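# Examination of the molecular architecture
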Amino acid sequence: MEQHPITKAIRIRTTQTDEMEHSSPLFLTSSFCYDDAEEMRATFADENDNNIYTRFSNPTVQEFTDRMVALEGAEAGFSTSSGMSAVFASFMGLLKSGDHLLSCNAIFGSTHTVISKYLPRFGIEYSYIAADAKAEEWEAAVRPNTKMIYLETPTNPGLDVIDLELVSAVAKKNNIIFNVDNCFATPLGQRPIDFGADLVVHSATKWIDGQGRVLGGVVVGKKDLIKEIHAFCRSTGPSMSPFNAWVLSRSLETLDVRMERHAKNALHIATSLENNPKISGLKYPFLPSHPQYDISVKQMKNGGGIVCFELQGGLSAGRTFLNSLKMLTLTANLGDTRSIASHPASTTHAKLTEEERLAVNITPGLIRISVGLEHQDDILNDIVQAIASC
Ligand SMILES: *Cc1c(COP(=O)(O)O)cnc(C)c1O
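Fair warning: this is a prediction, and the values are worked out from it, not measured in the lab.

In the region of the ligand, the neighbouring residues are Ser-82, Gly-83, Met-84, Phe-108, Glu-152, Asp-181, Cys-183, Phe-184, Ser-203, Thr-205, Lys-206 and Gly-216. Separating an oxygen atom of the ligand from a side-chain N or O atom of Thr-205 is a distance of 2.6 Å. Lys-206 places a polar side-chain atom, nitrogen or oxygen, 2.7 Å from an oxygen atom of the ligand. For the ligand, the protein covers 91% of the area, taking 380 Å² as the surface of the free molecule. When the residues that make up the shell around the ligand are grouped by side-chain class, the tally is 4 nonpolar, 5 polar and 3 charged.

The 5 strands lie next to each other as 8-9-12-11-10, forming an open sheet whose pairing is mixed. Each end of this open sheet is capped by a strand with a single partner; those strands are strand 8 (279-283) and strand 10 (329-330). By the bridge criterion, 5 bridges tie strand 9 (residues 306-311) to strand 12 (residues 366-370) in an arrangement that is antiparallel. In the strand pairing of strand 12, Glu-310 is matched with Leu-366. Here helix 12 (residues 314-324) sits on the sheet in contact with strand 9, strand 10, strand 11 (340-342) and strand 12, set at roughly 130 degrees to strand 9.

Reading across from one edge, 1-7-6-5-4-2-3 is the order of the 7 strands in this open sheet, with mixed pairing throughout. For this open sheet the edge positions go to strand 1 (76-80) and strand 3 (125-129), each flanked by a neighbour on one side alone. Shown here is a sheet whose adjacent strand axes are inclined to one another by a mean of 20 degrees, direction ignored. Looking at chain direction, strand 2 (residues 100-104) and strand 4 (residues 146-152) are connected through 4 bridges and run parallel. Paired with Leu-102 across the bridge in strand 4 is Ile-149. Against the sheet, helix 5 (residues 109-118) engages strand 2, strand 3 and strand 4, with an angle of about 135 degrees to strand 3.

Definitions and limits used
- Residues numbered from 1 in each chain as written.
- Predicted model: local features only at pLDDT ≥ 70, side-chain atom pairs only at ≥ 80, totals over all residues.
- Heavy atoms only, no water.
- Near = heavy atom within 4 Å.
- Polar contact = N/O pair within 3.5 Å; in protein donor to acceptor, adjacent residues only side chain to side chain.
- Areas by Shrake-Rupley, 256 points an atom, 1.4 Å probe, with all protein chains shown as cover.
- Nonpolar A, V, L, I, M, F, W, Y, C, P; charged D, E, K, R; others polar.
- Pairing = 2+ DSSP bridges.
- Helix = DSSP H or I, 4+ residues; strand = E, 2+ residues; numbered from the N terminus.
- Contact = heavy atoms within 4.5 Å.
- Axes fitted to C-alpha atoms, helices over the stretch in contact; angles between N-to-C directions.

This is the structure in structure tokens:
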């Protein structure tokens, strides 16, 4: 009987060495050796699967990739040095001058920079579409040269949920590659490939590491697409460090239990805060009040670990909230064991104009909480007392 992906994410490992180690070894090496000239020739001629150089492949990195492939239900994958290099490689490996990329407008800040500043330098066109676009709007946004559709769901930081089945139908009909950043949900919360995605990219830096230690990224999906991405990365060099792969691979062994608890804590906090008189517009994908609740429960197994809400006092209340927290950390990360608070309008998105922020639902008092693994009462108490001081 085929093992469950969760079991595979624990049991897939590099071949055991003669030392009979139980935990996987860390192959911290930049290159690999050959017994003789003939073996080396055959390896370079691609006549066997031997490793050559860690920029191309490494057993520790492959272990992490194989576990991610199993979790996402993909055919193949390639791991990269960060989430951004995974996103960039998924574009550069597959798009060429004259192609058009259709992207949702609510995307990670650096992804927006890559799409709007760098892709046009290579003659790749782009256009943005709103997260709540209807099927007809997606269809109308497709151009004859549209080669890829790209989106994140749930979106960052607004937590809008996009119907993967709906967008995938548009992509299939028009023969377009459908690429999804699954960083927020993780494969334990949502598997975009089950809903028709061709490619899934991740920042492994977030929930996958789960403890704020290392950077990493991965692209998984259809074999023929990954082959092109691998070829691009092999020559351009955004490879994952074997050390980071070893850390991330251990993290995958606990991802299922961690995400279950992150989501349980987040649901508790969302439910408890929902009627707080000093906030409005609290959003969590698994709250029935979420505008896309029906889509969330259709495509997600849990609501994930992020909760966001709007402080009535706007920009200045946002700053007061951050200053009043006693336990939650102010830091530019998410997906950690430690709960984190952020105020996008005064930090990550401060460079945008108010109008640009509002276009992607970043209101002046928007607070994003990455719910950690501390006891739910301690997380909630800290947030409640900080809201009270706003
Ligand atoms: C953080 C993040 C990225 C970028 O990942 P890095 O590992 O920081 O390069 C991409 N997409 C989303 C949704 C993210 O949160």
